[in-house]
Amino acid sequence: MQNRSFDPIRVALYTEILSSIAEEMGVALERTSSSPNIKERRDYSCALFDKSGRMIAQAAHIPVHLGAMETLMKKWLIDGPPLEEGKMYITNDPFFAGTHLPDISVIAPVFLDGKTIGFVASRAHHADIGGAAPGSFAPVQNVHEEGFLIAPSELNEEIIERVLERTRNPDERLGDLQAQRASIHVGIHRFKEIAKRYGERLDEYVEECLEYAHSLTRRTLAQIPNGVYEAEDVLEDVPKPGQFVKIALRVITEGDKIIFDFTGTGPQQDIGINATEAVTKSACYYVVRCLVPDAPTNGGCWGGITVITEPRTLVNAQYPAPVVAGNTETSQRIVDVCLQALSKALPDVIPACSQGTMNNLALGTEKWTYYETIAGGAGGGPRRRGASAIHTHMTNTRNTPIEALEVEFPLQAMRYAIRSSSGGKGKMPGGDGVVREIRVLEEGVILSLMTDRRVVSPPGFAGGEGGKPGRNVLIRQGKEESLPSKGAWILNAGDTIRIETPGGGGFGSKS
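To keep things clear, this report deals only with the structure shown in the data block.

Thresholds applied
The residue count restarts for each chain, going from 1 along the sequence in the order it is written. Local features are withheld for residues below a pLDDT of 70 in this predicted model, meaning they are given only at 70 or higher, and side-chain atom pairs are given and counted only at 80 or more; totals for whole chains, interfaces and linings count all residues. The side-chain values count all of the structure's non-hydrogen atoms but skip hydrogen atoms and water molecules. We call a set of buried residues a nonpolar core when its members are Ala, Val, Leu, Ile, Met, Phe, Trp, Tyr or Cys and they connect through side-chain atoms within 4.5 Å of each other. Categorising residues by exposure relies on relative accessible area from a 1.4 Å probe, with only protein chains included: less than 20% of the type maximum marks a residue as buried, more than 50% marks it as exposed, and the intermediate range marks it as partly exposed. Elements are defined by DSSP. Helices are runs of H or I of four residues or more, strands are runs of E of two residues or more, and each kind is numbered from the N terminus. By definition in these notes, contact holds between two residues if any of their heavy atoms fall within 4.5 Å. The axes used here are C-alpha line fits, helices contributing only the stretch in contact, and every angle between their N-to-C directions lies in the interval 0 to 180 degrees. Working definition: roughly parallel below 35 degrees, roughly antiparallel above 145 degrees, roughly perpendicular at 65 to 115 degrees, and oblique for all remaining angles. The classification used treats Ala, Val, Leu, Ile, Met, Phe, Trp, Tyr, Cys and Pro as nonpolar, Asp, Glu, Lys and Arg as charged, and all other residues, Gly among them, as polar. How far a helix is expected to stretch is found by multiplying one less than its residue total by 1.5 Å. If DSSP finds at least two bridges between two strands, the strands pair. Handedness of a crossover: with both strands directed away from the viewer, a clockwise path from the first strand across the helix to the second marks it as right-handed. Only one rule defines a salt bridge in this text: a Lys or Arg side-chain nitrogen within 4 Å of an Asp or Glu carboxyl oxygen.

With that out of the way, let us pick up the nonpolar core. Leu48, Val120, Ile258, Phe260 and Phe262 are the most contacted members of the largest nonpolar core, which totals 127 residues. Tallying contributions element by element places helix α7 (residues 201-221) first for this core, with 9 residues. Beyond its immediate sequence surroundings of up to four residues, phenylalanine 262 is in contact with Ile247, Ala248, Leu249, Thr280, Cys284, Val307, Ile308, Thr309, Val315, Ile334 and Cys338. Counting residues in hydrophobic clusters, the runner-up holds 19 residues, among them Trp368, Leu449, Leu474 and Leu483.

Structure (structure tokens):
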């Protein structure tokens, strides 16, 4: 493979052709969905796979789905129900190579002339999937308290009714599921079109795209100095406020291979910050993917990467561990630990840590659910300042526009601004976080928070200072109360929640 010569123009052409299908699937999903979480925030991913389950294209959607989608597809072909022509299939099972319960995956085989030529999939974050609290982000002790777990099964009217019976705002859930169906129809149609156009040559072109990504990744890994690079970081208020749990990492580089070894990481917890193995792999794949920006986004990018985790730990949760924020908070911390370790090998390449949290905020009742991740500061890098008010690393969503928020929910946006001077100082300073204040306009609204970096600053690199930690503040009758990073509360009409997100770490000494 390493001796093969590639035609970069042909690879680029067919990468774009394949990616355009995933992009069009995403457009169909976005435009036909019901919830602001999908329609406005674009919290979804769409992908194509070959008949072996290898990912051959993913749209520029959510990084945390990067490797997890392929992991799901390959596991389904081994352990899932048979995929029959003309049918769609559904799951959100985190322990079946999923992420967390709100992420519902719909997949379908693509047949041509009676033969399977590949698969298409869409994964969308549903604003509610049942559970103890709206949005699933309350601090509960097992996955079933987080919501309705859908085992891998055919997507039919019976399973849809079961989902609607167990979730809040069933009309919205139905609309979003129908939107996922629509995206799958688009993917199947377009996949068949290009298969008919290129015939057997398509398999050759797909293989070349995969091998090209594999070759670029191996070449980049070979440029990292051989060695063992270690780092540790923590998640906060776990299992209780004021306590911490550790993520430990040894990065081993040798030739054109890299190993991410998480041996020594703390045990899984009775609160939903546990990451499945698929999420952990996605975070590691993402870090390597950032080092190879010219590679096509496909399964070839994982070449030379090994991820080692111990079962029943924070980075390889086992059933029935709660996992809702493993997909959001723990994935971000895994990236931070990877960057801290690799900065020792590539000090002139790796940027300082970004905000390191998705600042999960959920508000709702039995009738409606608002969910959002909130932007923060990006870390400064060797050649650039950190961006302010931006989603970083494992998330790539937009914010909910204030107009949509106030139309859809009994909520009022009171403030949305840059959190000045929250980025870490340095030759290349970290970006600033944001301040987002939302007032509740009805009684008995449940507030759930799953946030982090409220105590420990996002680290700066090469002498740069850390970013300013975030804050969660409840404002009730004119009085401010600081809230811990994780928890659930009942709000009254007129109460305001203020989220101050962390800044990114600075890079380099300012002097």
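Tracing the backbone through its elements, the reader meets aspartate 43 in the loop between α2 (36-39) and β1 (44-50). What makes aspartate 43 buried here is its relative accessible area of 7%. Apart from residues no more than four positions distant in its own chain, aspartate 43 is found in contact with Asn37, Ile38, Ile62, Arg123, Ala124, His125, Tyr371 and Thr397.

With that settled, consider the packing of helix α6 (residues 170-198) against α7. Two elements in contact, α6 and α7, have axes whose closest approach is 7 Å; the angle formed by their N-to-C orientations is 110 degrees. Relative to α7, α6 is oriented roughly perpendicular. Facing Phe191, Ile194, Ala195, Arg197 and Tyr198 of α6, the residues of α7 in contact are Arg201, Leu202 and Tyr205. Here the contact of α6 with α7 is composed, by residue class, of 6 nonpolar, no polar and 2 charged.

As a further point, take α6. Because the α-helix completes a turn every 3.6 residues, residues three or four places apart line up on one side. Across its 29 residues, α6 extends 42 Å between first and last C-alpha, which sits within 8% of the 42 Å expected from 1.5 Å per residue. Immediately downstream of α6, the backbone of glycine 199 shows phi near 60 degrees, a positive value.

Read across the sheet, 5 strands follow the order β13-β14-β19-β16-β17 without closing on themselves; strand pairing throughout is antiparallel. A single partner strand is all that each edge strand has here, and the edge strands are β13 (411-419) and β17 (479-483). Averaged over all pairs of adjacent strands, the angle between strand axes in this sheet comes to 20 degrees, irrespective of strand direction. Of the pairings in the sheet, the one linking strand β16 (residues 471-476) to strand β19 (residues 496-500) comprises 5 bridges and is antiparallel in character. Opposite leucine 474, over in β19, you have isoleucine 497 as the bridge partner.

Once that is clear, we can look at the pairing of strand β10 (residues 305-308). Burial along β10 is one-sided: the face carrying Ile305 and Val307 is buried and the face carrying Thr306 and Ile308 is not. Examined bridge by bridge, strand β9 (residues 257-261) and β10 share 4 bridges and lie parallel to one another. Across the sheet, phenylalanine 260 pairs through a bridge with valine 307, a residue of β10. Between the parallel elements β9 and β10, the chain passes through helix α8 (residues 277-291) in a crossover that is right-handed.

This structure, assessed with the given rule, holds 34 salt bridges. Glutamate 165 is the salt-bridge partner of arginine 166, the closest N and O atoms lying 3.7 Å from each other. Judged by its relative accessible area of 60%, glutamate 165 falls in the exposed class. Among the salt bridges present, the one from glutamate 480 reaches arginine 498, with a minimum N-O distance of 3.2 Å. With glutamate 480 in strand β17 and arginine 498 in strand β19, this residue pair connects regions lying 18 residues apart in the sequence. A relative accessible area of 8% places arginine 498 in the buried class. Here the salt bridges do not stand alone but share partners, grouping Asp233, Arg333, Asp336, Asp452, Arg453 and Lys486 into one network.

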